[in-house]
Amino acid sequence: MRVPASATGERIDRYLAKALDLTRSQVQRLLRNGLATVNGTAAKPSYLLRGEERIDYQVPTPPPTVLEPEAEPIRLLHQDEHLLVVDKPAGLIVHPGSGVRSGTLVNRLLHHHPEIGTVGSPARPGIVHRLDRGTSGVLAVARTDLAYRRLSQAFARREVGKVYLAVVYGRPDPPNGTVELPIARHPTVRTRMAITPEDRGGRPATTHYRVLGTGTGASLLEVELLTGRTHQIRVHCKAIGHPLVGDPAYGEQRWRSLPPSVRRPLREFPRPALHARQLTLPSIAGAPPASSTAPVPGDLQVLCAACGLASSLPAEEPGASSL
């Protein structure tokens, strides 16, 4: 790769971590092992870029991952020859990674639907998109190579409809709006994302929101994603001054200034108050487009009731089936 002039003065390990979507420690190992060079010469992680250098790199292929099936339940919203649509509970990691090899949704899926084991990536079989660990709701899984290719293309081309419910602090004004702010990895906290200008690596991100109801200190939003950046809803809500309740990374302790009746439920909500409500998928192998809706989980219903938002929740549809 050729280093742009805009990167002049930046440490090479920090620059490569962003460019390759790796951790700085991973990049530092590449540099120390001679797997990343500057103009054909080894460089220290602290090397300051001058712009226009040529960086050659080789990221070793990780060894094959053997994933063990686990006989834990899953809740299905839809299944057919090519597709599974799952209602993921909050707290469940979607796929192995970062030292996690068990206790994920993929481990459960491999027990109930072993056919996904050969679909897509061996490290995350069948997975074409993901939800954060703390986010509940609807998630699609490919059962066949055809479905994997079609869904991967559909997500990349923004042909998938994604609607969420979110409980945020305050009352957004206007009550209907669009947030268009580019997002990139946080420059110093690698587990977070941040609003970043496009000329500094930010990727375009668009979020529509609509206020469904306003209660004591909080509002219930219906959110539609037009792009799928990591932590997009959480970052955009924070950017417009209405962070999600319970968000440990982007939230705020606004419950401190609210009436006693809502302080405790807001303070103790254990996760970002975000639920993937509906997913609309394109046609696969001639089948009509499919739309699946995940019921509002109990913890979010309790939170909404405490804040006076229960009447604003959407009406429920028939529930999921458990396996």
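Residues numbered from 1 in each chain as written. Predicted model: local features only at pLDDT ≥ 70, side-chain atom pairs only at ≥ 80, totals over all residues. Heavy atoms only, no water.

Caption draft 1: The arrangement of the nonpolar core in detail. The biggest cluster of nonpolar side chains holds 46 residues, and the ones touching the most others in it are Leu109, Val141, Tyr164, Ile233 and Leu281. For this core, the element with the highest residue contribution is strand β6 (residues 136-142), accounting for five residues. Leucine 109 has contacts with Ile74, Leu84, Val86, Pro114, Ile116 and Val141, leaving out every residue within four places of it along the chain. By size, the runner-up hydrophobic cluster in this structure holds 19 residues, among which are Val262, Leu300, Leu303 and Leu309. (Core = buried A, V, L, I, M, F, W, Y, C linked by side-chain atoms within 4.5 Å. Buried < 20%, exposed > 50% of the residue type's maximum accessible area, 1.4 Å probe, protein only. Helix = DSSP H or I, 4+ residues; strand = E, 2+ residues; numbered from the N terminus. Contact = heavy atoms within 4.5 Å.)

Caption draft 2: Layout of the layout of surface pockets. Roughly 190 Å³ of internal volume is contained in the second largest pocket. What lines the second largest pocket is simply Tyr169, Leu244, Gly246, Asp247, Pro248, Gly251, Glu252, Gln253, Trp255, Leu266, Arg267 and Phe269. The class makeup of the residues in the lining of the second largest pocket is six nonpolar, three polar and three charged. (1 Å grid on protein atoms, 1.4 Å probe; cavity = no way out; pocket = protein on both sides within 12 Å on 5 of 7 lines; lining within 4 Å. Points joined across faces, edges and corners; volume = space filled by probe spheres on them. Nonpolar A, V, L, I, M, F, W, Y, C, P; charged D, E, K, R; others polar.)

Caption draft 3: Representation of the pattern of salt bridges in the model. Applying the stated rule across the entire model yields 16 salt bridges. One salt bridge in this structure joins arginine 75 and aspartate 87, with 3.6 Å as the shortest N-O distance. Of this pair, arginine 75 sits in strand β4 (residues 75-79) while aspartate 87 sits in strand β5 (residues 83-88), and the two are twelve residues apart along the sequence. Take arginine 75: its relative accessible area is 32%, and that puts it in the partly exposed class. Residue classification places aspartate 87 among the buried positions, given a relative accessible area of 10%. The residue aspartate 247 makes a salt bridge to arginine 234 at a minimum N-O spacing of 2.8 Å. Within this pair, whereas aspartate 247 is found in the loop between α5 (232-239) and α6 (260-268), its partner arginine 234 is found in helix α5, the two being separated by 13 residues in sequence. (Salt bridge = Lys/Arg side-chain N within 4 Å of Asp/Glu carboxyl O.)

Caption draft 4: Structural view of the environment of glycine 177. Along the chain, glycine 177 turns up in strand β8 (residues 176-180). Judged by relative accessible area, which is 18%, glycine 177 ranks as buried. In this structure glycine 177 touches Thr207, His208 and Tyr209, once residues within four positions along its chain are discounted.

Caption draft 5: View of unusual backbone geometry. The omega torsion of the bond from aspartate 173 to proline 174 falls at 10°, within 30 degrees of zero and hence cis. Inspection of the secondary structure puts proline 174 in the loop between β7 (161-169) and β8. The phi angle at glutamate 52 is positive, at roughly 75°, despite the residue not being glycine. Along the chain, the position of glutamate 52 falls in the loop between β2 (41-42) and β3 (55-57). Given the relative accessible area of 49%, glutamate 52 is considered partly exposed. With a phi close to 60°, arginine 158 is a non-glycine residue in the positive phi region. By secondary structure assignment, the location of arginine 158 is in the loop between α4 (145-156) and β7.

Caption draft 6: Inspection of the side chain of serine 292 at higher detail. Turning to its location among the elements, serine 292 is positioned in strand β14 (residues 290-293). Apart from the residues lying within four places of it in its own chain, the contact partners of serine 292 are Leu77, His78, Val85, Val138, Arg277, Gln278 and Leu279.

Caption draft 7: Region of the structure containing empty space enclosed by the protein. Evaluation of the coordinates by the stated rule reveals two cavities of 30 Å³ or more. When its volume is computed, the largest cavity comes out at roughly 40 Å³. The wall of the largest cavity is formed by Val179, Thr207, Tyr209, Val223, His236, Cys237 and Ile240. Counting residues per element, the ones that place at least two in the lining of the largest cavity are β11 (206-214) and α5. Classifying every residue of the lining of the largest cavity gives five nonpolar, two polar and no charged. When its volume is computed, the second largest cavity comes out at roughly 30 Å³. Lining the second largest cavity, in full, are His129, Leu131, Val138, Lys162, Val163, Tyr164, Ala276, Gln278 and Leu279. Elements supplying a minimum of two residues to the lining of the second largest cavity: β7 and β13 (274-281). The residue inventory of the lining of the second largest cavity, partitioned by class, reads six nonpolar, two polar and one charged.

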